[in-house]
Amino acid sequence: MPQQSSKSFEEVVIVGAGLMGAGIAQVIAQAGPKVIVVDRAEEDLARAKKQIVKSVGRLHGEDQVDPILSTIRFTTRMEDGKTAQLAIEAVPEKMAIKQDVFRQLDRFLDKEALLASNTSSLSIAEISSVTSRPEKVVGMHFFSPVPMMKLVEVVQGINSATETVEKIKEFGEYIGKEIIVAKDFPGFTVNRALVPLLNEAAFLVMEGNDPESIDRGLMLGANHPIGPLRLADALGIDVLLFTIESLYDGFNDSKYRPCPLLKRMVEAGHLGKKTGKGFYDYA
Ligand SMILES: NC(=O)c1ccc[n+]([C@@H]2O[C@H](COP(=O)([O-])OP(=O)(O)OC[C@H]3O[C@@H](n4cnc5c(N)ncnc54)[C@H](O)[C@@H]3O)[C@@H](O)[C@H]2O)c1
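Numbering of residues starts from 1 in every chain and runs along the sequence as written. Totals for whole chains, interfaces and linings use every residue, but because this is a predicted model, local features are given only for residues with pLDDT of at least 70 and side-chain atom pairs only at 80 or more, for both listing and counting. Note: side-chain values were computed over all heavy atoms of the structure, leaving out hydrogens and water.

Draft legend 1. Layout of the pattern of salt bridges. Throughout this description, the term salt bridge denotes a Lys or Arg side-chain nitrogen within 4 Å of a carboxyl oxygen of Asp or Glu. Scanning the entire structure with this criterion turns up 14 salt bridges. Residue E200 is joined to R257 by a salt bridge in which the shortest nitrogen-to-oxygen separation is 3.4 Å. Of this pair, E200 sits in helix α7 (residues 190-206) while R257 sits in the loop between α10 (237-251) and α11 (260-267), and the two are 57 residues apart along the sequence. For R257, a relative accessible area of 30% gives the class partly exposed. Between R264 and E267 there is a salt bridge, with its nearest N and O atoms 2.8 Å apart. Helical segments are the DSSP runs of H or I of at least four residues, strand segments are the runs of E of at least two, and each set is numbered from the N terminus. Buried means the residue's accessible area, taken with a 1.4 Å probe over protein chains only, is under 20% of the maximum for its type, while exposed means over 50%, and partly exposed covers the values in between.

Here it is in structure tokens:
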């Protein structure tokens, strides 16, 4: 394991041990820092542990499972994370839940500790507004599956200090990620550019074009590694609709109008790969 360096933190607390939180805990533990994982119930923690064991075993070999797990502590008590120098929140995408977590982190952690949110669509300014240290709050937007995806978007809220952004950027690189810095506007950078493309591809289907042709068109004509409709199915049509709606509401701009076909698909339960049907059939 790498040596601890000034670009790192000795202890990091992750709040919310779902799909993202468990992945984030894994990549940080692999890099060396001690990790404290907090969730509401023992069963959530057990599920996170299982995800980490499976992923580490597959990516790094069974002999790496115990050394990596031994640096992670699983707990239901937020206070157990109080000695951490960095907190990363990965609870559900609801402002009230996130603000409640940030209030607690602000209370328990040292006043010099940095606080980051893995939100994909909420405002960092609004999340940070419930803390006494908005200059020490940033977005740290990982992509799924976290151990495989290289990118982290570090999101600078209007109150986030440049020094905080720099420290998080260095830490992101330390744990093996590639970093881009994005401003705190809906969709940040990646979803802002990507989601309107997927939405537009849905309009093409609604107008009678064949999904296969649209995907082949973008792959062969624009060098995309995966077609937009296959990608939409993989992301989840509900997630895509939620994200385009948050761009539409966030900018009040008609250019982000959600495709009505996406709404119908969600109503019909055609959520993509996870339900066996989206733009394609997976049965
Ligand atoms: N899933 C993705 O592809 C993806 C990608 C990038 C960012 N995100 C963002 O990451 C965050 C988490 O997403 P996810 O997919 O991991 O969700 P998830 O539902 O898998 O996990 C959320 C976890 O938070 C826990 N939780 C809820 N309230 C809590 C509380 N008060 N204290 C502690 N834990 C609590 C839940 O028990 C659950 O284990 C969201 O903000 C989401 O937008 C998700």
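The rest of the description comes next.
Draft legend 2. Main features of unusual backbone geometry. Here S144 and P145 are connected by a cis peptide whose omega angle stands at -5°. Here P145 shows up in the loop between β6 (137-142) and β7 (151-156). Positive phi, normally seen in glycine, also occurs at F188, with a value near 50°. Tracing the backbone shows F188 in the loop between β8 (178-183) and α7.

Draft legend 3. Fine view of the site of the ligand. We call a residue near a molecule or strand when any one of its heavy atoms sits within 4 Å of it. Taken together, 23 residues are adjacent to the ligand, and M20, D39, E93, K98 and S120 come closest. Under this definition, polar contacts are N or O atom pairs within 3.5 Å; protein pairs additionally need one hydrogen-donor-capable and one acceptor-capable atom, and for neighbouring residues in sequence, both atoms have to be side-chain atoms. A distance of 3.1 Å is found between an oxygen atom of the ligand and a side-chain nitrogen or oxygen belonging to R40. Within the side chain of K98, an N or O atom sits 2.7 Å from an oxygen atom of the ligand. Here the accessible surface of atoms and residues is derived via Shrake-Rupley with a 1.4 Å probe, and residues count as covered only by protein chains that are part of the display. Bound to the protein, the ligand loses 76% of the 830 Å² it would expose on its own. Broken down by secondary-structure element, the contributors of at least two residues to the shell around the ligand are α1 (19-31), α2 (42-60), α4 (95-108) and β6.

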